[in-house]
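Reading the structure
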Amino acid sequence: MLSPLLLTITVLAQAPATQLPIEPIVTLPAHQPQAIAVAFSPDGKSMATSGANRFVTVREPATGEIRQVFTGHPGLVHEVAFSPDSTLLASAGAEGIVILWSLESGKKVSSMQALSEDEGTARAVAFSPDGRLLATGASDGTIKIWNLKEQKARRQLSKETLPVTAVKFSPDCLLLATATGNWRRRELPGALRLWEVATGKELAQLEGHECEIKRVDFDPNGKRLVSAGADRTILVWDTERRGVIDRFTVNAVPGSLAMFPSGQWLAVGDLQGGVTVWNLERGTRAGQYAGHDAAVLGIAVHPEGKLLATASHDGTIKLWPADFH
């Protein structure tokens, strides 16, 4: 028998389009004045959030109840990511440092300098799916790949001219996708690149966005890459042919995106507080949510694909039903 929470999720998410927008299950104040990042652990047992108040929290994924609080960043925390085995949490901070935390001990394991210069912020962080590597991106254009066992930078990729906004490993760990852009000058064309992880060689620059590129994500089999641009477009790329296979326009500048485990659906949060789910097979909107009162820069899909979490500049995190068929 389904629990009351899962039953609610199923009923709400299967509601016909005439009953949209979908309301949140949970709304909680978080990281005042701004919540910025959210992530689910791969085992589905934890949710991490961060924001402007310098704290990183680990929460119960069904209710948002705080279980652990990590303190160590002197400024806001831009992004959080769990290791594939769900034992470590990485957080990227405004001081240019990425910190690794142990969920078991609740303590800092190590810290890594994401910058190559003295000033800037760590903007992006991602674990490789095999758990051996960590990628970091910084506002000074620095991209580093770290060996987690040795806690050392394995290599630094060619430096970008604009701040790094996203880093993401392909599911087979062979590719690293990176994106750049300047949120203060969105009209400047960002760069979307594919790198060979083993050598650090640039394999391709994917051209299609006309300005800042906000986020990227691979589908579960690695054959498609999705990117979101400040030009209000979502582009779907063939990672083998390195070309655009689909594009669709959203109503507002996207600030965050997350692929569903099935690879069929894409969750998008925008800078006006909107939250939508798109059917990638059809290029159509599958669900519209009640939204936030300010930009949504963090969005995550639970590994079971039935729960969506968002973090917003309105100072809240929200949990939403997301059981799409």
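First things first, this report covers the structure right here in the doc. Since the model is a prediction, treat every value here as computed from it, not as a measurement. (Residues numbered from 1 in each chain as written. Predicted model: local features only at pLDDT ≥ 70, side-chain atom pairs only at ≥ 80, totals over all residues. Heavy atoms only, no water.)

Describing the overall build of the protein chain
Along the backbone of the protein chain there are one helix and 28 strands. Along the first, second and third principal axes, the C-alpha atoms of the protein chain reach 50 × 45 × 35 Å. Counting every position in the protein chain, which comprises 325 residues, the buried fraction comes to 57%. Taking the intrachain contacts of the protein chain between residues at least 6 apart in sequence as the baseline, contacts between residues at least 24 apart amount to 45%. For the protein chain, the exposed surface amounts to about 13,800 Å²; the carbon and sulfur share of it is 47%. Side chains of the protein chain give 32 positive and 34 negative charges; the mean places of these two sets differ by 2 Å. (Helix = DSSP H or I, 4+ residues; strand = E, 2+ residues; numbered from the N terminus. Buried < 20%, exposed > 50% of the residue type's maximum accessible area, 1.4 Å probe, protein only. Contact = heavy atoms within 4.5 Å. Areas by Shrake-Rupley, 256 points an atom, 1.4 Å probe, with all protein chains shown as cover. Lys, Arg positive; Asp, Glu negative; His and termini not counted. Charge placed at Lys NZ, Arg CZ, Asp CG, Glu CD.)

With respect to the pattern of salt bridges
All chains considered together, the criterion is met by eight salt bridges. For Glu160, the salt bridge goes to Arg193, with nearest N and O atoms at 2.6 Å. Here the residue Glu160 occupies a position in the loop between β13 (152-156) and β14 (164-169), and Arg193 occupies one in strand β16 (residues 192-196), the gap between them amounting to 33 residues. Here the two residues Glu160 and Arg193 agree in accessibility, since each one is buried. For Arg224, the salt bridge goes to Asp219, with nearest N and O atoms at 3.0 Å. Here Arg224 falls in the buried class, since its relative accessible area comes to 16%. Connected through shared salt-bridge partners, Glu160, Arg193 and Glu202 make up one network. (Salt bridge = Lys/Arg side-chain N within 4 Å of Asp/Glu carboxyl O.)

Here we look at the packing of aromatic side chains
Within this structure, the stated rule accounts for five aromatic pairs. When the ring of Phe260 is compared with that of Phe324, the centres are 6.1 Å apart and the planes differ by 80°; the resulting orientation is edge-to-face. With a gap of 64 residues between them, Phe260 in the loop between β22 (254-259) and β23 (265-270) and Phe324 in the segment after β28 (316-321) connect regions that are remote in the sequence. Across the pair, Phe324 and Phe260 agree in class, each one buried. Here Trp265 and Phe324 contribute two aromatic rings whose centre-to-centre distance is 5.7 Å and whose plane-to-plane angle is 35°, an arrangement assigned as tilted. Linking Trp265 in strand β23 with Phe324 in the segment after β28, this pair joins segments that are 59 residues apart in sequence. For Trp265, a relative accessible area of 7% translates into the label buried. (Phe/Tyr/Trp six-rings, centres within 6.5 Å; stacked < 30°, edge-to-face > 60°.)

Some details on the sheet that holds strand β15 (residues 175-180)
Read from one edge to the other, the open sheet built from four strands follows the order β14-β15-β16-β17, with strand pairing classed as antiparallel. The open sheet has two edge strands, β14 and β17 (202-205), and neither has a second partner. The mean inter-strand angle of the sheet, taken between neighbouring strand axes irrespective of direction, is 20°. Relative to β17, β16 runs antiparallel, the two sharing three bridges. (Pairing = 2+ DSSP bridges. Axes fitted to C-alpha atoms, helices over the stretch in contact; angles between N-to-C directions.)

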